[in-house]
Amino acid sequence: MNATTTLACKPGDYKSDVKPIWCPGCGDYHVLLAFARAFAELGRPAQEIVLVSGIGCSSRIPAYMSCYGFHGIHGRSLAVAAGVKIARPDLTVVVASGDGDGYSIGGNHFIHACRRNVDITYIVMDNRIYGMTKGQPSPTTEPDFDTALSPGGTGLRPFNPLVIALASGANYVARAFAGNPQEAGALIADAIRHPGFSFVEVLSPCVTYRPDQKAWKERVHPPPVEATDDPARAARRLMTDDGFNIGVLYRGNRVPYGPRAEAVVEDLAQFEAEFEF
Amino acid sequence: MADDPVSVSVALLGSGGAGVLTTGQLLLEALCRAGWNGLLTRSVGPQIRGGEAAALLRVSAQPVECHSGGFDLLLAIDWRNAARFDSEIALHPDGLVIGDPAGGEAPAAMVPASARRGDLRCAELCRLHPEWRANMIALGAAARLLAIPSEILERVIDNRFGHKGEAAMAANLAATRAGAEAVAAFALARALPPALASPGKRWLITGNEAVGLGALRGGVRFAAAYPITPASEILEWLAPKLARVGGSLVQAEDELASVNMIIGASYGGTPSLTATSGPGLSLMVESIGLATAAEVPIVVVDVMRGGPSTGIPTKSEQADLNIAVYGLHGDAPHLVIAPQSIPDCLLSTQWAVFLAEALQSPVIVLSDQFLGQAQGAIARPADIAFVGRRLRAQSAGGAYRRYAITGTGVSPMAIPGTAGGQYTADGLTHTERGVPTSGALDHSAQLDKRCDKLEQYDYGQLWATLEGEGDTAVLTWGSLTGVAREALTLAANRGVRARLIAPRLLAPTRPAAMRAALVGVRRVVVVEQSHGAQFHKYLRAHYDLPADTRVLQRPGPLTIRPTEICDALFAENVA
Ligand SMILES: Cc1ncc(C[n+]2csc(CCOP(=O)(O)OP(=O)(O)O)c2C)c(N)n1
Ligand code: SF4
Ligand SMILES: [Mg+2]
């Protein structure tokens, strides 16, 4: 990240005047606050940050911030973000997504974004439900959670995003809790600072379709051990993870994706010569 | 084109992997270096190796845009799967068949009883000389029959294989000499017309390469794509070039990703392009709608192949017209441009980049397998001054309105990094500021804006090719334009004058311009390569055609021939 640091940025500077559509009490308000705190901590001017998202309650977030935003279609935010960052490495590119957007319809892009390791930061606001479409199960929904579309539950084993991220090559893997925006903001800032593809799963309760998630604030806890740069150790830790460890799990040291440096040709005539006879 | 296009056509056949396509390329290059013009197309089966492959070559003193009705020479390294070309390749009654008797029989349907036959014992020669290659023997034979000067042939072989060392080179030359000797007793019934004495600077280029160069000339500096036949050569040509001009090409995980990557790169201010074929375009349409709504310039090249589904991946068809023009959900005005020849692949792609940038809109370029994989000699294309220029917002004070309603419908676009220009590009219906809304008035205002900016723009002469005169018109598009042009020459020789009308700009439609083009036309023959007559239905939906309109149409891959169009015109006039 090449930061042009300006002094005295306040979290409030990063919020727009657009009023969120979220339900009162939605965890996403806190994620918004966490983003604002992270950007302020980094001191990055709003015009040098691009916040990309897909579709879902969570993906509404760009309009509520004062940086550049891109609110695309369902599931494709990581691809948009990769395009922005590869063509404009000078910008700070952050992606906001939901568990449906990021793990279901966008699941393939998640794997390949981890592999590709472009220097972007991926924040998934996981509420283990499709909020925007009114309460259908997502890949992280518990197997016995009853919904209209899945009476009695899906019976399916939940997707483990952190394991997938680690196995696919993400360079930074962490979990945050929306209920603690200060800590979540610091984690997001740390993730942005870390080179390569950084993934932060943010537990962000849906008060409307998952009122049971109000209990999350009692369940979250600090991780038992420090972050590691050893994928094998990180993987072992994930095996005993209860899903509520909050903090950085893995900090890798892979070299971020970047176009290979080659001599720059000014004149296209060089290419045209290959056709001439 | 001369009044009577005098040309010679050669079909080279062999199992896939036997090297007939290389033979075709070397032959074309040698002919062009010797002063002729030519066109080389390929027809191959789906197998990676060991299937069937044909290199189809037509040579003339004049530029060549299409194949004629039949072939003067059928030369086969082997006949193993040649029968699969039964319906595509037919020899003239006075034609010559050269083949290896050890490699099977020439399919009866291709070869009239009156044809002359000669042997080229490739397999036996290669057994005697293990270092020889059958396709080089075939090259020598074909070059001899076409009277290509041997020093030119040798130079072409040296250019291609010289790096493999002297021994390999000597083997190649010996093999070509053996091939030439084997056919020394034969001559083609029709000799090639004299080569051009001073043909000027020319290029030997494929349509796919021309698309790549058009993209670069237009200013494209980012591409993302997923490999697919027959578009991959565009990507393979662009990848190293983009790197050298300070851009990049990303191989994405799929077409959903590739189109969104170019949307992201373009949102960031870099003119961007992807290339695909029908299956990929199908995956991209939702995202192209996003680019329409968020007003992000992108160029999507579709090199059409036989569809639906995997269809015939290696052969040409014009059946993606519907999805290109109508495939987006919602009311999503965008541009569709169809190149008409190899040089037009360059021009149209460059124009597409220019228009995408000028109108902040997605542009679909509809090329096809015939154009994309055809290689031909063309006059060195002039560099037209189309370099994409986007109307940018400078650091804005006050509340920046990204989607401001302006007189032209185009509103200044802030590029990230521009202070005060922050906005959210949105696929949701939005206000002029870009704030999501579900208000009816905001919705219709933005729909109007996106429609107006495309409708009000002056596309000038490039919207269509308009040639000839008369009260009969051939209305066609894309790669059939060259075929129709030759048909009109044939018709003129038979005393019928007709016009050629071939829209290059398929969307937005240009009713006033088409009305003007059709003034005085009483009869129209629509010519297209789709089973469902997609082009005819499209024309009828948007343009007023005369009551006497008939359609000459069939699906790919059997290309419509100039003689068929000419006959259709003649039938009309006689009737
Ligand atoms: C292609 C497509 N399919 C379906 C939808 C409908 N849809 C909108 S949001 C959504 C799920 C969002 O869930 P999640 O990402 O978890 O976001 P949340 O609302 O929970 O924050 C779906 C299925 C859509 N917009 N586009
Ligand atoms: S539905 Fe759930 S996720 Fe969506 S805004 Fe309401 S509380 Fe938040
Ligand atoms: Mg969700």
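Data block above holds the structure.
Now for a quick tour of the structure. (Residues numbered from 1 in each chain as written. Chains lettered and ligands numbered in written order. Predicted model: local features only at pLDDT ≥ 70, side-chain atom pairs only at ≥ 80, totals over all residues. Heavy atoms only, no water.)

Let us now look at the pattern of salt bridges. The full count for this structure, using the stated rule, is 38 salt bridges over all chains. Counted as one network, the salt bridges with shared partners bring together E272 and E276 of chain A together with K201, R217, R380 and D383 of chain B. (Salt bridge = Lys/Arg side-chain N within 4 Å of Asp/Glu carboxyl O.)

Before going further, it helps to spend a moment on the pairing of strand β3 (residues 92-98) of chain A. Residues and elements named next belong to chain A. Counting buried positions over the seven residues of β3 gives seven, a clear majority of the element. Neither face of β3 is left uncovered, since the one carrying T92, V94, A96 and G98 and the one carrying V93, V95 and S97 both have all their residues buried. As paired elements, strand β1 (residues 49-53) and β3 share five bridges and run parallel to each other. Bridge assignment links V50 to a residue of β3, and that residue is V93. As paired strands, β3 and strand β4 (residues 121-126) are joined by five bridges and run parallel to one another. Bridge pairing links A96 to I123 in β4. (Buried < 20%, exposed > 50% of the residue type's maximum accessible area, 1.4 Å probe, protein only. Helix = DSSP H or I, 4+ residues; strand = E, 2+ residues; numbered from the N terminus. Pairing = 2+ DSSP bridges.)

This paragraph deals with the interface of chain B and chain A. Listed by partner, the interface residues are 58 residues for chain B and 44 residues for chain A. Summing both sides of the interface, chain B and chain A together bury roughly 4500 Å²; the carbon and sulfur share of this comes to 62%. Considering only the side of chain B, the residues that lose the most area to chain A are R244, E253 and Q422 of chain B, jointly responsible for 15% of the buried surface there. At the junction of chain B and chain A, the tally comes to seven salt bridges. Ionic pairing is found between K241 of chain B and E274 of chain A, a salt bridge with its closest N-O pair at 3.2 Å. Between chain B and chain A we count 27 residue pairs in polar contact (both at pLDDT 80 or more) in total. For the side of chain B that touches chain A, the secondary-structure elements that each account for two or more residues are α1 (20-33), β7 (202-206), α6 (207-218), α7 (232-244), β9 (248-251), α8 (255-267), α9 (278-294) and β15 (424-426) of chain B. Looking at the side of chain B that touches chain A residue by residue, the classes come out as 31 nonpolar, 14 polar and 13 charged. By the bridge criterion, three bridges tie strand β2 (residues 68-71) of chain A to β15 of chain B in an arrangement that is parallel. The residue of β15 of chain B that forms the bridge with G69 of chain A is T424 of chain B. (Contact = heavy atoms within 4.5 Å. Buried area = accessible area lost by both parts, 1.4 Å probe. Polar contact = N/O pair within 3.5 Å; in protein donor to acceptor, adjacent residues only side chain to side chain. Nonpolar A, V, L, I, M, F, W, Y, C, P; charged D, E, K, R; others polar.)

This paragraph deals with the site of ligand 2. Near ligand 2 you find W22, C23, C26, C57, N127, G131, C206, V207, T208 and Y209 of chain A, and these make up its full shell. Here the shell around ligand 2 is built from residues that sort into seven nonpolar, three polar and no charged. (Near = heavy atom within 4 Å.)

It is worth spelling out the nonpolar core at this point. Counting residues in each nonpolar core, the largest one holds 143 residues, and the members touching the most others are F197 and F199 of chain A together with L366 of chain B. For this core, the element with the highest residue contribution is helix α11 (residues 342-359) of chain B, accounting for ten residues. Not counting residues within four places of it along the chain, the set of residues in contact with F197 of chain A comprises L78, F110, A113, C114, N117, V118, D119, I120, Y122, A170, N171 and Y172 of chain A. With 53 residues, the next largest nonpolar core counts L73, L139, M169 and A175 of chain B among its residues. (Core = buried A, V, L, I, M, F, W, Y, C linked by side-chain atoms within 4.5 Å.)

With that settled, consider the packing of helix α4 (residues 107-116) of chain A against helix α5 (residues 161-168) of chain A. Residues and elements named next belong to chain A. In the contact formed by α4 and α5, the axes pass within 8 Å of each other and the chain directions differ by 40°. It follows from the interaxial angle that α4 and α5 lie oblique. Seen along the crossing, α4 lies across α5 with a hand that is right-handed. Across from F110, I111, C114 and R115 in α4, the residues of α5 making contact are P161, I164, A165 and S168. (Axes fitted to C-alpha atoms, helices over the stretch in contact; angles between N-to-C directions. Parallel < 35°, antiparallel > 145°, perpendicular 65-115°, else oblique. Left-handed = near helix turned anticlockwise from the far one by under 90°.)

What follows concerns the site of ligand 1. By nearness alone, 17 residues border ligand 1, and C57, S58, D99, G100 and D101 of chain A come closest of all. Those residues lying near ligand 1 are distributed over chains A and B. One nitrogen or oxygen atom from the main chain of G100 of chain A is found 2.9 Å from an oxygen atom belonging to ligand 1. Starting from 590 Å² of accessible surface for ligand 1 in isolation, the protein chains cover 76%. Examining the composition of the shell around ligand 1, we find that four residues originate from one element, helix α3 (residues 99-105) of chain A, more than from any other. Here the residues of the shell around ligand 1 sort into six nonpolar, eight polar and three charged. (Areas by Shrake-Rupley, 256 points an atom, 1.4 Å probe, with all protein chains shown as cover.)

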